[in-house]
Amino acid sequence: KGETDPMTEAMVELYSEAQKKFKPEMQPQYFYSPRELSRWVRGIYESIVDQDQGLEKEELVRIWAHEALRLFCDRLVQDDERKWCEEKVDEVARKWFAAIDHDKALSRPLFYSTWLSKDTRQVSREELREFLAARLRVFYEEELDVPLVVFDEVLDHILRIDRVLRQPMGHCLLVGDSGAGKTVLSKFVSWMNGLSIFQIKAHSRYGIEEFNEDLRCVMRRVGIDGEKVCFIFDEGNILGSGFLEAMNALLASGEVPGLFEGDDYTALMNACRDSAARDGVILDTEEELWRRFTGVVQRNLHVVFTMNPSGGDWKNRSTASPALFNRCVVDWFGTWSPTAMGQVGKEFTLKFDIGDAESVGGTWGTGQGEMLMEQVAGAFEGLATGGLRQAVVAALVEMHNIVKQMADEEAHAASSVSRTFLSPRDYLALITNFLDCVNHRREEVEDEELHVNAGLNKLTQTQENVAELRSNLAAKTAELREKEKLANEKLQQMVGDQNVAEKRKEEAERMSKDVAKQQKQIDERKAEAQRDLDEAEPALIAAQTSVKSIKKRDLDEIRNLARPPNNVKLTLECVAIMLGEKKIEWTDIRKLLAKTDFIPSILSFDADNLSDRQVKIVHDKYLDGNAELTVESVTRSSKACGPLYKWAESQVKYSSVYNRVEPLRREVEELEEAAQGAKDKKDRIENEVAELEESIARYKADYATLIRDVEALKTEMEVVADYATLIRDVEALKTEMEVVTTKVDRAESLIKSLGQESDRWTKSSETFQHILRSLIGDGLLMAAFLTYCGFFDFKARIALMKRWREVLDVLGIEYREGLSMVECLSKASQRLEWESLGLPADVLSLENGVILEHCVRFPLIIDPSGQAIDFIMNKYKDEKIQRTSFLDKAFMKTLAGAVRFGTTLLVENVEMLDPVLNPILNKEIQRTGGRSLVRIGTEDVDYSPKFNIILTTKNPAAKLTPDLCSRVTLVNFTITPASLQSQSMSRIMQEEKPEVEKRRRDLLKLQGEQNVKLRELEEKMLNTISAVEGSILDDDRVVTGMETLMKEGAQVEEQIAKSADVMKEVQQAISTFEPLGKICRELFVLLKAMRDISFLYEFSAKGFMSVLECVLERLGPVAEGGDEGQRASELKLGLFTEMAARIGRGLSAEDKMVFGLHLVRLFTKDESVADGSKPMSLEDISSTMDNAFGGNFPWQGRGLNDLHAVVENDISFTIPLLLCSAPGHDVSGRVESMARDYDRELASVAMGSAEGFDTAEKMVASASKRGSWVLLKNCHLCTEWLGNTLVKKVHSLGAGTHKGFRLFLTSEINPKLPTGLLRLSDIIVAEAPAGVKASISRFFSRISSDRFDSAIKNRIYLILAWSHAVIQERLRYIPTGWSEAYEFTESDAIHAIDAIDALIEDGASGRGNVDLEKIPWDAIRATLCRDVFGGRVTKDSDQVILDELVDSVFTARCFDINFQLASVDGAPTLPDGTSKDECFAWIASLPSHTPPTWVGLGADAEEARAERIAKSIIGKVGSVESARSDATE
C-alpha cells in the first residue's frame, strides 16, 4: 500500500512525457489517451492478483516497467524513439521508487507469461524459446503448416499479443510489413489461449452486406454460444469504407448500429433469452438482454487488426478510424531488423553445406565488411563468428537492403511509373532461392566434373594404348618375317616327296576302308537304339514305382469328388484314354477308379499296345497342349494323381522312343545275321589257309615294304604338319597385325579429332575447382537475381548486380566475374524452345524467362505488349492452360477446378488482387487425413501440387500494393529500346523485303538449332567416352559411335559456317534499312525521356509501333527495282513527320518546340543543334525545324483542327482519345459537334459521382458491341475510378469489340490522371487560346443567359471579364506580369459574378432596378482584391498590381461614354450599349492579339517573354538530352 502514491505519480509523469514527445502528426499510432493509464493499472493488477506469496518491491517495479513498455514503447517506430522510451522508464522509476535495487528491478529483458506457470511470472528468453518451439511443432501439425523461426523479435511479439488477448476487451493493432508474421503469430497465440480464429472470406464481389452477415455470425457465436473468438482483420480485407466504420463502432461499444434489425433482432433476442436462462440469469426486458449480449461480446471477442504502414492510407487512419488507436494496443512490427534477418538466415542455412572453403581457411568480412558482419553478429552469439557462414548471412541481409533502397530510389525517380515494395517474404524467398541454386549448381558441376575427368582419363588411356600397340606392331612385323622364312624351307622339303606320299596314302586308305565302314555302321546303329531306350526306360520304371505307392484311400477320395480340380480331371482323362476307355466323362472315370484292378492294370501296362492315335491325343490335348498341366501343378492338386501323371508321361515318351527305334532294331538284327554269315564263310576260308601258306613269305616281304612306306609317309606327314602350323601362325599374325594396324589408325584419327574436345575438357576440368570455390558467391548472385530483378528494368538490373558484387567483395566471398544469369540458369535448348514459343530474343526477355522458370512464388507478369502472355499460352498449351480474369463471373469456379485438377491458370488484368487468392499465393496448405486442402472463399478445395497460377497485367503503371508485392514474383516485360529496335527492323523488312526477312528469321532459328545440336553432340561424346568400361579401343561400337558423332559434329560446324556466310549476305541485303531500326530505337528513347518534362507525356511501345505501321501503310509497297537508298530516306522522313504529327498534339505549345528540336538532332545527326552553346530565339527555333524538314513539317501536331482525321485514322476501338485542357477550358463540345456533323451516335456522361460510374460502365459495354461512340466528361474528378475500372475495361477490349467503337475522355490537366490511362490513350492537349479576346469570350460563354437582364450588370460583367482576362494574360509574362504562377481560374470570375450580384442586390434593398448611385464600388473592389482574386496572391508587389488594376476599372466612371479600359493609346473602350448581343458584338470586335501595354506591361514585354520561352525551351532540350543519355542501354 505504501507504493500506491509513488506509482501513481510515476505513471502520470511517464504518460505526460510520452504524450509530449510523440504526436499523432509523427505517426498515427502516437495517440495517447487516459485509457492508457486504465490499461496500465489493469495490467499490473492482473499480473499480481494471483500471486500466492508476498511481492517484493523490485518485482512490483519490474511489473510496472513491463506494462509501461508494452503501452508506450511497443508502438514506437524508430530505434532512437524506443531508446528514449526505455531510458525514460528507467529515469522515472529511479525517481519515484526508492529503497530498491534499481539495477535488478529494471534489468532487461522484461518477459512475463502465464504459459510456464499458473500465474503471471517472469521468464527467461531461453525458457520461453524452448517452450514455444515445442508448442509450435504441435501447431504446425494441428493448424497451419507454416514454419516459424523463433528469433528474438518473434518472442517479443508473441508475448505482446498474448498479453492483450488475455485481457477483457483486449484488442490489438499489429503494424508491419507483409510477411513479418502478424497473422501467423496472432493465430498461434489464439490457439495457445484456446480462442477460435475468425477471418472473413473476402473476394472481389464481397460487399458490405456479406460483411455485415459475417459480423452477425461472429457476434452470435460470442454473445449467445459463449465462444471466445479472435477476429483477425487484415487491411487487405477492407474492401469499403463501411467495413472500417462498422469495426470502429464494434470496438467502441460492442455493437454495430443497424446490424440487427427486424427479424434478425427478434431472433437475436430470443436466442439471448434462451442463453441467459441456461446460465441461470433472468432478464425481463430486451434492453437488458441487449446489454448482456453486447457485454459478453466486448469481453470475449478480441479483434486483431493487421496493417501495412507502406500502404498509402496508413497516415490517414487516425482521423478515419480513431477507435483503432484508442481502443487497440498498438504493436509496431515494422520490418525485420538486420539482427532478425540474421537469425532467420542462420536458422535456414545452419545445416547447409557451404563446401570446403571454410575448412581450408580464409578471412571474411574484414575491413569494410566488418560493419556488415556486425549487423548479424547477434545471430551468431555462442557460435564461431567471423566465418564464411556468417559472411553468407550478412550478404543475404545486405543484398535485401540494397534492393529495398533501390526500390525507393526508383519509386522517386522522375521516370518512374510504378514501384515495388519489399517485405520479409522476399527475404525468405531469397534464402530459398540461394539454397536451391547452390545445391542444384553444385550437383550439376560435380556431375559434369565426374564426366569430364572420366572422359579425359579415357583419352589418356587411349593414347597410352596406341603407343603400346605401335610397339607391339613393330615386334610382330619382325616375328612375321622369321615365320615366313621357316615356312618356305619346309615347303621346299615337302614338295620333293609329295608324289610318293600321295600314292602310299591312297593304298593304305583302300586297305582299311571296307572293314572299318561295316563295323562302324553296326556300332552306330546299336548305340543309337540302345541310347534312346536307356533314356526312356528309367523314367518309366520310376513312374511305375510311384504308382505302386498310391494309397487306395487317396483314390477313393478323388472318386468321391463331385467336381474335382481341373488338373486332377485332365490327368485321369489322360490315363483312361491310355487304358483304352472309350468314355472319359467324370462318372465313367469314377467307375474306372472303383475297379480293383485299376492299379494292377497300370503296373502291367505294355507301352507297345499304345496306338498312334492314343499317343497323339495324349500329346496334343494333355501333355503338350496344356501349359498349365505339369507334374508340380497336378501333385499340388492331388498326391495320387501326381504319380499317375508321371506314369502317363513316361509311358507315352517310352512308346514314342520305342516306335522310333524299332527300325533300328530290325536293321541291327539284319546286320548281325550278315555277320553270322561272314563267320560261316570264315570257317570255310580256314580250310583254304593251308593252301595259302606258300605265299606268306611273299606277303611278308610286301608287308615289310608297306610298313616302311607307311613310316616314310608318317615322316612326310609330320613335315606337312609343321608347315601347316607355320602357315597358320603366319596367317594369324597377319590377321592380328591388320587388327592392330586398323586400331592404331582409327585411334590416331579419333585422338586427332578429339584434340579440340580434349583441350576444352581439360580447360573445363581446370575451372571446376574455381567454380566450386566461387559457388557460394555465384549462388548468392543467382538467388538475388531470381528474387528481386524481375520487377526492375535492364539498367536497374545492371546497377543491382554491380552493388551486389561490391557486397561480396567487401565480405571476401569469391564469385565469378563473367557470370551470366541467362547462361547459368538455363540451357541453350531451353532458350531456343522459348523463342519458338514466342518469347522475344532480347536479353531482358530471356532473363525474365529464366525468372519465370525458377520463381518460388507464383509470378505476376507486367506485359504491356501482350507478347509474354502469348508466350505463356503457347508454353502451357499442352497442359490445358485456362485464361480468366477477376471480372469473369465464373472465376471462383474456374479457380477451384484448376486448384483441384492441377492445371495452369492465367489471370489477366490483375492491378488489384482478389483477396480470395491470398491463401493460394501464401500456400497456406492444410493437411487433414492425408489430404492437402486450401481455402477458396467459403470452401476447402483439394490442392494439387501441379497447380500453377500466373497473374498478368498489361498496365505498366499499375499501383502495386505492398501486400501484393509480398505474395508474388514480379516479372516486368515492359519493352526495352533494344527490343523495340529489333521489332521495328523486323516490321520494316517484312514490308520492304519480305523474302529477305523470312530468310533472316529462318537463318536465326537454324543457327540456334545448330548451336544447340553442336552442344548436344559434345555432351554426347563426353558421356559416351566416360561411360566406357576398359579401353576405348577394345569396343568397336564405341569407336564407331564416336566416329559417327565426330562426323555429325563436323557437318554441323560446316552448316554453321555456311549459315554465317548466308547471314552475311542477308545482312548485306538489309544494310540499307538498318539505320532505320536505330532511328526507331532513338525515337523511342526520346519519347521516354520526354516524361522528365511532364507527367502527361507517357508513350507506349504499342503506340510507337502503330506510328511505324501507319508510315509503312501510307507509303505503300516498294516499286520493284526501285532505289533502296531513296526508299529508306522516304521512310525516315515519313516516320519523323508522322511522329511529330501524333506526338506533337499531346504536348504543350512550348514542349512542341522542345520535341521538334530533338527530332532535328536525330534526323540530321547533329548534336550541336540547340545544345545551349549559343542563344536562340523563337524564330531561330522555327527556322531550324523548317530547314531540316521543310515548311510543311507538322511539329505543332495533328490535333483539334483535324479531329475527325485523328478519330478515323490515328486511333482504334482499343485506343481512347483523351482531350486534356487547362482548368475552365472545356473541349467536349468539339466531340459533340463532330458526332453531329458525321451522324455518329454519341452517348455522353459527366463523371464525378457513383451514378456516373455505373452509367459510364454501361455505356462503354453497350457501345463497344454496337459500334457507337462514348464521351466521358470531366474525368479529372474520378481519377481513382479511371485507374481501377476504366483501364481494366479498355485492356479487356478484344476481338469481340465493334470496330466502329470510339471512346473519348475530357479532363483538366491533372497529375492524378492514372499513368496506365495515359499510356493507353492518344492524347490531345487543348490549350486555351491566348489573349484578352479569347479569355473574355470563354468567360462570357459560361454566363447563363438569364443573368443578362440588366444593362448595368452587363456592363459590370464586361469590366469583370476584362479584369479577369488581364489577370490571366499577365500570367503569360511571369515573372514580369506576376512574380509567380498564381492559380487564377475562370471559376474565380464566376464566383466574382455571384459576389457582385449579391452586393448590388444588397445595395438595391430588394428593388428590381439597379441605381447607379447605389452600386457599392468599395465593397466590390475589396471583395475582388482581398477575396476572389487577392486570396490567391502571396506577394505584396503583386497585390499592389492587382489593386491598381481593379481600382482603375471598377469605378463609377466606367459608365461614361468611351471609357477606356487601359491608360495607353489604342486601348479598347467599352461599348455604348450593353445588351447581351451588344456585349458579344463588342467582344468579337476586339483584336485577337493583345499588346502587352493593354495589360499594364511595357511594349518590350512580348520580346522579353519570347526570350524567356526560348531560353526555357533550350533548357528543356538539355534536360531531355540528359534523360536520353541515362535511358540508353
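Treat the numbers as computed from the prediction; the structure is a model and nothing was measured.

The next subject is the overall build of the protein. When helices and strands are counted, the protein shows 58 helices and 20 strands. A burial count over the protein gives 49% of its 1529 residues as buried. Sequence separation of at least 24 residues holds for 79% of the intrachain contacts in the protein that already meet a minimum separation of 6. A total of about 73400 Å² of accessible surface is found on the protein, and carbon and sulfur atoms cover 49% of it.

Now for the sheet that holds strand β11 (residues 926-928). On the basis of which strands lie adjacent, the open sheet formed by three strands has the order β11-β12-β13 and antiparallel pairing. Edge positions in the sheet fall to β11 and β13 (939-942), since each has one partner strand and no second. With direction set aside, neighbouring strand axes in the sheet form an average angle of 45°.

The next thing to look at is the packing of aromatic side chains. Counting across every chain of the model gives 45 aromatic pairs. Both rings, one in Phe 139 and one in Trp 191, keep their centres 5.4 Å apart while their planes meet at 55°; by these two values the pair is tilted. Taken together, the positions of Phe 139 in helix α6 (residues 125-142) and Trp 191 in helix α8 (residues 182-192) put the pair 52 residues apart, joining distant regions of the chain. Grouping aromatic residues by their ring pairs yields a cluster made of Phe 198, Tyr 206, Phe 211, Phe 231, Phe 233, Phe 243 and Phe 305. The ring of Phe 858 carries Lys 923 above its face, with NZ or CZ at 5.0 Å from the centroid.

If you walk across this open sheet you meet the five strands as β17-β18-β19-β16-β20, and the pairing is parallel. Bordering the open sheet on either side are β17 (1242-1246) and β20 (1322-1326), each of which pairs with just one other strand. Shown here is a sheet whose adjacent strand axes are inclined to one another by a mean of 15°, direction ignored. Judged from the five bridges that link them, strand β16 (residues 1217-1221) and strand β19 (residues 1302-1308) form a sheet pairing that is parallel. What sits directly across from Cys 1220, in β19, is Ser 1307. Against the sheet, helix α48 (residues 1228-1237) makes contact with β16, β17, β18 (1269-1273) and β19, and its axis sits at roughly 165° relative to β18, the strand it touches most. Strand contacts of helix α49 (residues 1250-1266): β17, β18 and β19, with the helix running at about 165° to β17, the strand carrying the most contacts.

Further remarks concern the packing of helix α52 (residues 1332-1341) against helix α57 (residues 1476-1485). One can describe the packing of α52 onto α57 by two numbers: an axis separation of 9 Å at closest approach and a directional angle of 155°. With respect to each other, α52 and α57 are oriented roughly antiparallel. Considering only the axes of α52 and α57, their crossing is left-handed. On α57, the residues touching Lys 1333, Ile 1336, Ser 1337 and Phe 1340 of α52 are Cys 1479, Phe 1480, Trp 1482, Ile 1483 and Ala 1484. Here the contact of α52 with α57 is built from residues that sort into seven nonpolar, one polar and one charged.

Turning to the confidence of the model for the protein, a few remarks are in order. Averaged over all residues, the pLDDT of the protein is 81; the fraction at 70 or higher stands at 79%. Put simply, helix α28 (residues 696-753) is where the protein has its lowest mean pLDDT, 52, and β18 is where it has its highest, 95. Here residues 695-707 is modelled with pLDDT under 50, and outside its nearest four sequence neighbours on either side it reaches two contacts, counting other chains as well. Across residues 709-723, where pLDDT falls below 50, the model places 14 contacts with residues more than four positions away in sequence or in other chains.

It is worth spelling out the pattern of salt bridges at this point. In the structure shown here, the tally under the stated rule is 66 salt bridges. Of the charged contacts in the structure, one is a salt bridge between Arg 987 and Glu 991, with a shortest N-O distance of 3.2 Å. Of this pair, Arg 987 and Glu 991 both sit in helix α39 (residues 977-992), four residues apart, which is roughly one turn of that helix. For Arg 987, a relative accessible area of 18% translates into the label buried. We classify Glu 991 as partly exposed; its relative accessible area is 25%.

On to the side chain of Ser 178. Positionally, Ser 178 belongs in the loop between β3 (172-176) and α8. In terms of polar contacts, Ser 178 uses its side chain to reach the side chain of Asn 308, at 3.1 Å. Here the side chain of Ser 178 touches Asp 963 through a polar contact of 3.4 Å, side chain to side chain. Ignoring sequence-local partners within four residues, the contact set of Ser 178 consists of Asn 308, Ser 423, Pro 424, Arg 425, Pro 962, Asp 963 and Ser 966.

Here we take up the environment of Leu 772. Positionally, Leu 772 belongs in helix α29 (residues 755-773). Excluding residues within four positions of it along the chain, Leu 772 makes contact with Val 445, Glu 446 and Glu 449.

What follows deals with unusual backbone geometry. The residue after Arg 108, namely Pro 109, is reached through a cis peptide bond having omega 0°. Position of Pro 109 relative to the elements: it lies in the loop between α5 (102-105) and β1 (112-113). A cis amide bond links Ile 1374 to the next residue, Pro 1375, at an omega of 5°. Position of Pro 1375 relative to the elements: it lies in the loop between α53 (1351-1370) and α54 (1386-1404). The phi torsion at Met 169 lies on the positive side, around 55°, for a residue other than glycine. Judged by its relative accessible area of 41%, Met 169 is partly exposed. A positive phi angle, close to 55°, is found at Lys 880, a residue other than glycine. Tracing the chain through its elements places Lys 880 in the loop between α35 (867-875) and β9 (882-885).

How each quantity is defined
- Residue indices begin from 1 for each chain and proceed along its sequence in written order.
- Confidence filtering applies because this is a predicted model: local features only for residues at pLDDT of at least 70, side-chain atom pairs given and counted only at 80 or more, and all residues used for totals across whole chains, interfaces and linings.
- Note: side-chain values were computed over all heavy atoms of the structure, leaving out hydrogens and water.
- Helix and strand assignments follow DSSP, with helices taken as H or I runs no shorter than four residues and strands as E runs no shorter than two, numbered in order from the N terminus.
- Three labels apply to residues, based on accessible area from a 1.4 Å probe with only protein chains included: buried if under 20% of the type maximum, exposed if over 50%, partly exposed otherwise in between.
- Every residue pair with non-hydrogen atoms within 4.5 Å of one another is taken to be in contact.
- In short, Shrake-Rupley with a 1.4 Å probe defines the accessible areas, and a residue's cover is counted only from the protein chains shown.
- Strand pairing requires that DSSP identify at least two bridges connecting the strands.
- Only the contacting stretch of a helix is used when fitting its axis, a line to C-alpha atoms as for every element, and angles between N-to-C directions run 0 to 180 degrees.
- Put simply, two rings from Phe, Tyr or Trp (the six-membered ring, in Trp's case) pair if the centres are within 6.5 Å, and we call them stacked under 30 degrees between planes, edge-to-face over 60, tilted for the rest.
- Whether a charge lies above a ring is judged from NZ of Lys or CZ of Arg, which has to be within 6 Å of the ring centre and within 35 degrees of the ring normal.
- When an angle is under 35 degrees it counts as roughly parallel; over 145 it counts as roughly antiparallel; between 65 and 115 it counts as roughly perpendicular; any other value is oblique.
- Should the near helix be turned counterclockwise from the far one by less than a right angle, the crossing is left-handed, whereas a clockwise turn marks it as right-handed.
- Classes in brief: Ala, Val, Leu, Ile, Met, Phe, Trp, Tyr, Cys and Pro nonpolar; Asp, Glu, Lys and Arg charged; the others, Gly included, polar.
- Residue-level confidence of the predictor, termed pLDDT, takes values from 0 up to 100.
- Criterion for a salt bridge: a side-chain nitrogen of Lys or Arg within 4 Å of a carboxyl oxygen of Asp or Glu.
- Here a polar contact is recorded for every N or O atom pair within 3.5 Å, except that within protein the pair must consist of a potential hydrogen donor and a potential acceptor, and residues adjacent in sequence are included only if both atoms are side-chain atoms.

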